[in-house]
Amino acid sequence: MSDLIQIIDAAFADAARRSGAHLVCRPGCTQCCVGVFAISQQDAARLRDALTTLAEADPARAERIRARVAASVARLQFQFPGDAASGVLAEESETFDDFANDEICPVLDPATGACDLYSARPVLCRTFGPPMRDEDGNLAACELCYTGATTEEIAACELDPAVPAIEEADNEAFNARLGLHGETLVAYALRSS
């Protein structure tokens, strides 16, 4: 496990501990698995490696993921907000906010409601739930969590605010090392795996 993932997982565990019963995320709760979101090239590489490993251990499950990936790419390709051939998202795409909001993540097993590549899930998946600061500095959290919490209680559960900068620096170093750029989507990250 990379240092970044260890830092992210530790920050999440700390926020979850402070959140207590306010954090209602659990296996089978899949609201955050609906709608596409940008992932880093490092997230994409981790997902591809996990799918390769899964294909050796459980070929049938890996093939089900590949089938869901192919179906997702087929639905997304004509309106992809970026370069559909490379899978790299446009850096500033106004259409992304309204793009594929009903698309189910292709690594979500629809029968179990569990992530088939959970150990390799992207950073956004690892940090979703506890309150985090948005681009404007406002605290935002999963709409299913903290429903009865006060503003002060929510603020006391904030994910370590250093996490985004740590993630950004680590992703930039990864991209520089491998000559990569931009972000992609889960389906596009896995389409050739």
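This text gives an overview of the structure that appears in the document. Note that the coordinates shown come from a computational prediction; the quantities given were computed from them, not determined experimentally. (Residues numbered from 1 in each chain as written. Predicted model: local features only at pLDDT ≥ 70, side-chain atom pairs only at ≥ 80, totals over all residues. Heavy atoms only, no water.)

1. Some words on the overall build of the chain
Okay, so step 1: Within the chain, the secondary structure is distributed over 7 helices and 8 strands.
Okay, so step 2: Taking 193 residues into account, the globule formula puts the C-alpha radius of gyration at 16 Å, and the chain, at 17 Å, falls close to it.
Okay, so step 3: Across its three principal axes, the chain shows a C-alpha extent of roughly 45 × 35 × 35 Å.
Okay, so step 4: For the chain, contacts bridging at least 24 residues in sequence account for 75% of all contacts bridging at least 6.
Okay, so step 5: Accessible surface, the chain: about 10700 Å² in total, of which carbon and sulfur atoms supply 53%. (Helix = DSSP H or I, 4+ residues; strand = E, 2+ residues; numbered from the N terminus. Rg over C-alpha atoms; globule rule 2.2 N^0.38 Å. Contact = heavy atoms within 4.5 Å. Areas by Shrake-Rupley, 256 points an atom, 1.4 Å probe, with all protein chains shown as cover.)

2. Structural notes on the packing of helix H2 (residues 41-57) against helix H3 (residues 59-76)
Okay, so step 1: One way to put it is that H2 packs onto H3 with a least axis distance of 6 Å and a crossing angle of 140 degrees. Classified by the interaxial angle, the pair formed by H2 and H3 is oblique. Of the residues in H3, those in contact with Leu51, Leu54, Ala55, Glu56 and Ala57 of H2 are Pro59, Arg61, Ala62, Ile65 and Arg66.
Okay, so step 2: Of the residues assigned to the contact of H2 with H3, the class counts are 7 nonpolar, no polar and 3 charged. (Axes fitted to C-alpha atoms, helices over the stretch in contact; angles between N-to-C directions. Parallel < 35°, antiparallel > 145°, perpendicular 65-115°, else oblique. Nonpolar A, V, L, I, M, F, W, Y, C, P; charged D, E, K, R; others polar.)

3. A short note on the pattern of salt bridges
Okay, so step 1: Applying the stated rule across the entire model yields 9 salt bridges.
Okay, so step 2: Across the pair Asp43 and Arg46 runs a salt bridge whose closest N-O atoms are separated by 2.2 Å. In this pair, Asp43 and Arg46 both sit in helix H2, 3 residues apart, roughly one turn of the helix.
Okay, so step 3: Here Arg75 makes a salt bridge to Glu103, at a shortest N to O gap of 2.6 Å. Placement of Arg75 in helix H3 and of Glu103 in the loop between strand S3 (88-89) and strand S4 (108-109) is noted, with a sequence separation of 28 residues between them.
Okay, so step 4: Residue Arg75 is classed as exposed on the basis of its relative accessible area of 51%. (Salt bridge = Lys/Arg side-chain N within 4 Å of Asp/Glu carboxyl O. Buried < 20%, exposed > 50% of the residue type's maximum accessible area, 1.4 Å probe, protein only.)

4. A closer look at helix H6 (residues 163-178)
Okay, so step 1: End to end, H6 covers 23 Å across 16 residues, agreeing with the expected 22 Å (1.5 Å per residue, within 8%).
Okay, so step 2: As for H6, its buried residues are in contact with helix H1 (3-19), strand S1 (39-40) and H2.
Okay, so step 3: Among the residues trailing H6, Gly179 stands out with phi positive, at a value near 70 degrees. (Expected span 1.5 Å × (residues − 1).)

5. Focus on the nonpolar core
Okay, so step 1: In this structure, Ile65, Leu76, Leu117, Leu185, Val186 and Leu190 are the most contacted members of the largest nonpolar core, which totals 29 residues.
Okay, so step 2: When contributions to this core are tallied by element, the ones reaching two or more residues are H2, H3 and helix H7 (186-190).
Okay, so step 3: With residues up to four places along the chain from it excluded, the contact list for Leu117 reads Leu47, Ala50, Leu51, Leu54, Ile65, Val107 and Leu190.
Okay, so step 4: Counting residues in each nonpolar core, the second largest holds 8 residues, with Ala15, Val123, Leu159 and Val163 among its members. (Core = buried A, V, L, I, M, F, W, Y, C linked by side-chain atoms within 4.5 Å.)

6. Examining the side chain of Glu103
Okay, so step 1: Given a relative accessible area of 9%, Glu103 falls into the buried group.
Okay, so step 2: In this structure the side chain of Glu103 is engaged in a polar contact, spanning 2.8 Å, whose partner is the side chain of Ser72.
Okay, so step 3: Not counting the four nearest positions on each side in its chain, Glu103 is found in contact with Cys33, Val34, Gly35, Val36, Ser72, Arg75 and Leu76. (Polar contact = N/O pair within 3.5 Å; in protein donor to acceptor, adjacent residues only side chain to side chain.)

7. With respect to the state of the cysteines
Okay, so step 1: In this structure the tally under the stated criterion is 0 disulfides.
Okay, so step 2: In this model Cys142 remains outside any disulfide bridge; the closest cysteine sulfur is found in Cys145, 4.1 Å from its own.
Okay, so step 3: Looking at Cys142, the relative accessible area reads 9%, which means it is buried. (Disulfide = S-S within 2.5 Å.)

8. Focus: the packing of aromatic side chains
Okay, so step 1: Within the structure shown, the criterion is met by 1 aromatic pair.
Okay, so step 2: With a centroid separation of 4.3 Å and 40 degrees between ring planes, the pair formed by Phe80 and Tyr188 is classed as tilted. You can see Phe80 sitting in the loop between H3 and strand S2 (82-83) and its partner Tyr188 sitting in helix H7, a full 108 residues away along the chain.
Okay, so step 3: Judged by its relative accessible area of 8%, Phe80 falls in the buried class.
Okay, so step 4: By relative accessible area, which is 5% here, Tyr188 ends up buried. (Phe/Tyr/Trp six-rings, centres within 6.5 Å; stacked < 30°, edge-to-face > 60°.)

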